[in-house]
Amino acid sequence: MTFIETRGNDGRKPSEVTFSEAILSPSASFGGLYVPKKLPELGFDFFKAHIDSHYSDLSRALFEKFDVDVDPEDLDNALARYNRFDDPSDPVPLVKVEEDAFVSELWHGPTRAFKDMALQPFGYILSRLAQKRGEHYLIMAATSGDTGPATLETFKNTPNIKVACLYPSGGTSDVQRLQMVTEEASNEKVIGIRGNFDDAQTALKNLLASESFNARLKESHTELSAANSVNFGRIIFQIIYHVSSYLRLVKEGEVSLGEPVYLIVPSGNFGNVLGGYYAKKMGLPVEKLLISSNINNILTELVTKGEYDLRGKSLIQTTSPAMDILKSSNVERVLFDKFGAERTKQLMDDLNEKGVYRLSEDELAMLREDFDATFCSDEEGKAIIAKYAKKGYIMDPHTATCFKAYGELRKKSLKTVIYSTAEWTKFSPTVSEALGHRAKRDLDALQWISEHYGVPVPKVIADLFEKPVIHDTVVDKERIEEEILKFI
Ligand SMILES: *Cc1c(COP(=O)(O)O)cnc(C)c1O
């Protein structure tokens, strides 16, 4: 498979690239993204053959369909990263919480959030590529709290890779911050920014595009890359679990093969739900992808009104910070898929120049064939957390937003997969407050919930509070470039 560009070609970059090239240099012409030229099709026979497959075998089979330039041995080693998950034989457990609702838990990896699903294997592949080419890469990650820890964890002490991680100071939970600032690896630098996640992401995009910055890096024989969900190397791993969760329902006799289901995905940068969209296009029986977000409800506006309007909006901090996003990067890939490169470039140019784009009525109808969306306030989310805790299921605030969509958006009574993107331990003060105990510190909340609800705190989380802080840099966004060059 080869990859093409969402905003068309500028005559300077190649118009088609391999998977390796797309992941090593993820920024395409005119600031666009790389997308598969043609998605493989998965027929009935493919699904039937994999009902009982181990997650790694299913992954290998999907990669074969994609036919990308990854060495089979490297892929095997990359997939072996799932051995770091709680139960290597079942990295993505599916838990029944209602007669027709099943939670697919994407957070059983080392940093307790769904980012590990893609970043763990992707990190291995990228580092191998760099070694084989004798090249050195700087990975820049902008994080709203979960990408950072997962990126640091996957590249920790890997050859030929350095990581600079930008996070909004004060915009993450205690646990998320500690996961980053206590990470001890000589190839990694963590920088707090005075600003929000959009500031961090914008700074990252500007740096990736900056010629002077790139020139300085060249002097030190370092190339730039990114591990954000704009990197297709992450998206490909985020297609697999949508397929595996569906097949689990088939295996457990909850649906018969071919019967459609709803997928509810808590969305920020749109990488997770994009994986579901691609899976649907490849033939997975999905009735609709239901997007859930918090009161930063730009995706709901897009999918219900056909309007992406940033004007007059500013980011609101919520209890689900991984979804506190206004510029949702991966939406562009759906625009491209539905409307083509020329129209996508026009829409994205409108967004950059005027802060808004509008879809035509026909375009909106096309979008709504695959998606619907709603959003959930912090208060509604807490009520949902409390309701399910009474039934014995503890969830984090991002996952909770999905239950609003579950109650509101389903038009047919079909089985529904709800994606849980973080373990409750990453956002314990919110969960604790929802359950009636106000805790200022994560540690207090963790202990209280664990005691009162009989759920364990994993060792990787408990240990954070004992570790020394390694990274204490916090700067204004104007000084990021300088800090990173110093580190290089
Ligand atoms: C990253 C993240 C999301 C959002 O996922 P996207 O792929 O950016 O839409 C949701 N919840 C949690 C906990 C996350 O870490």
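As the structure is a prediction and not an experimental result, all values here were calculated from the model. (Residues numbered from 1 in each chain as written. Predicted model: local features only at pLDDT ≥ 70, side-chain atom pairs only at ≥ 80, totals over all residues. Heavy atoms only, no water.)

Asker: Before we move on, could you go through unusual backbone geometry and cite the residues and values that matter?
Answerer: For N157, which is not a glycine, the phi torsion comes out positive at approximately 55°. Structurally, N157 is set in the loop between α6 (147-155) and β6 (161-168). (Helix = DSSP H or I, 4+ residues; strand = E, 2+ residues; numbered from the N terminus.)

Asker: Lay out the pattern of salt bridges with the relevant residues and their values.
Answerer: All chains considered together, the criterion is met by 45 salt bridges. R7 serves as the salt-bridge partner of E332, at 2.7 Å between the closest nitrogen and oxygen. Taken together, the residues E332 in helix α14 (residues 331-354) and R7 in the loop between β1 (3-5) and α1 (19-24) connect sequence positions 325 residues apart. The partner of E287 in a salt bridge is K412, with the nearest N and O atoms 2.8 Å apart. Taken as a pair, E287 in strand β10 (residues 286-293) and K412 in the loop between α17 (397-408) and β14 (416-420) lie far apart in primary sequence, 125 residues in all. Residue classification places E287 among the partly exposed positions, given a relative accessible area of 21%. Residue K412 is classed as partly exposed on the basis of its relative accessible area, which comes to 45%. Shared partners join several salt bridges into a network, and the residues in it are D71, D74, R128 and K132. (Salt bridge = Lys/Arg side-chain N within 4 Å of Asp/Glu carboxyl O. Buried < 20%, exposed > 50% of the residue type's maximum accessible area, 1.4 Å probe, protein only.)

Asker: Got a sec to walk through the sheet that holds β6? Specific residues and values, please.
Answerer: The strands making up a sheet associate through backbone hydrogen bonding, with each pair oriented either parallel or antiparallel. With parallel pairing, 5 strands are arranged side by side in an open sheet as β8-β5-β6-β7-β15. Both edges of this open sheet fall to β8 (223-226) and β15 (474-475), since each of them pairs with a single strand only. As paired elements, strand β7 (residues 188-193) and β15 share 2 bridges and run parallel to each other. By the bridge assignment, G192 is partnered in β15 with V474. Docked against the sheet, helix α8 (residues 197-209) engages β5 (137-142), β6, β7 and β8, running at close to 155° with respect to β5. (Pairing = 2+ DSSP bridges. Contact = heavy atoms within 4.5 Å. Axes fitted to C-alpha atoms, helices over the stretch in contact; angles between N-to-C directions.)

Asker: Tell me what's going on with the site of the ligand, and back it up with residues and numbers.
Answerer: Around the ligand, the surrounding shell holds 15 residues, and the nearest of these are K115, D146, G268, N269 and T421. Within the side chain of K115, an N or O atom sits 2.7 Å from an oxygen atom of the ligand. Residue N269 places a main-chain N or O atom 2.8 Å away from an oxygen atom belonging to the ligand. Considering the ligand on its own, with 380 Å² of exposed area, one finds that the protein chains cover 97% of that surface. A breakdown of the residues in the shell around the ligand according to their chemical character gives 6 nonpolar, 7 polar and 2 charged. (Near = heavy atom within 4 Å. Polar contact = N/O pair within 3.5 Å; in protein donor to acceptor, adjacent residues only side chain to side chain. Areas by Shrake-Rupley, 256 points an atom, 1.4 Å probe, with all protein chains shown as cover. Nonpolar A, V, L, I, M, F, W, Y, C, P; charged D, E, K, R; others polar.)

Asker: Let's hear about the environment of G271: which residues, and what values?
Answerer: As for its placement among the helices and strands, G271 is situated in helix α12 (residues 271-281). Considering only alpha carbons, one finds G271 and R333, 62 residues apart in sequence, at a separation of 9.7 Å. Contact partners of G271, with chain neighbours within four places excluded, come to S229, I235, Q238 and N330.

Asker: Describe in detail the side chain of S127, supporting the description with residues and values.
Answerer: With respect to the helices and strands, the residue S127 is situated in helix α5 (residues 115-133). Note on S127: relative accessible area 3%, which makes it buried. Apart from the residues lying within four places of it in its own chain, the contact partners of S127 are T158, P159 and I161.

Asker: Talk me through the packing of helix α16 (residues 378-390) against α17; I want residue IDs and the actual numbers.
Answerer: Packing of α16 against α17 leaves a shortest axis separation of 8 Å and a crossing angle of 95°. With respect to α17, the axis of α16 lies roughly perpendicular. Residues E380, G381, I384, I385 and Y388 of α16 form the contact with α17, whose own contacting residues are P397, A400, F403 and K404. Tallied by class, residues from the contact of α16 with α17 come to 6 nonpolar, 1 polar and 2 charged. (Parallel < 35°, antiparallel > 145°, perpendicular 65-115°, else oblique.)

Asker: Go over the pairing of strand β13 (residues 371-375), please, and point to the residues and values.
Answerer: Buried residues dominate β13, accounting for 4 of its 5 residues. Across 5 bridges, β10 lies against β13 in parallel orientation. By the bridge assignment for β13, L290 is matched with D372.

Bear in mind that shape data such as this cannot, by itself, settle questions of function.
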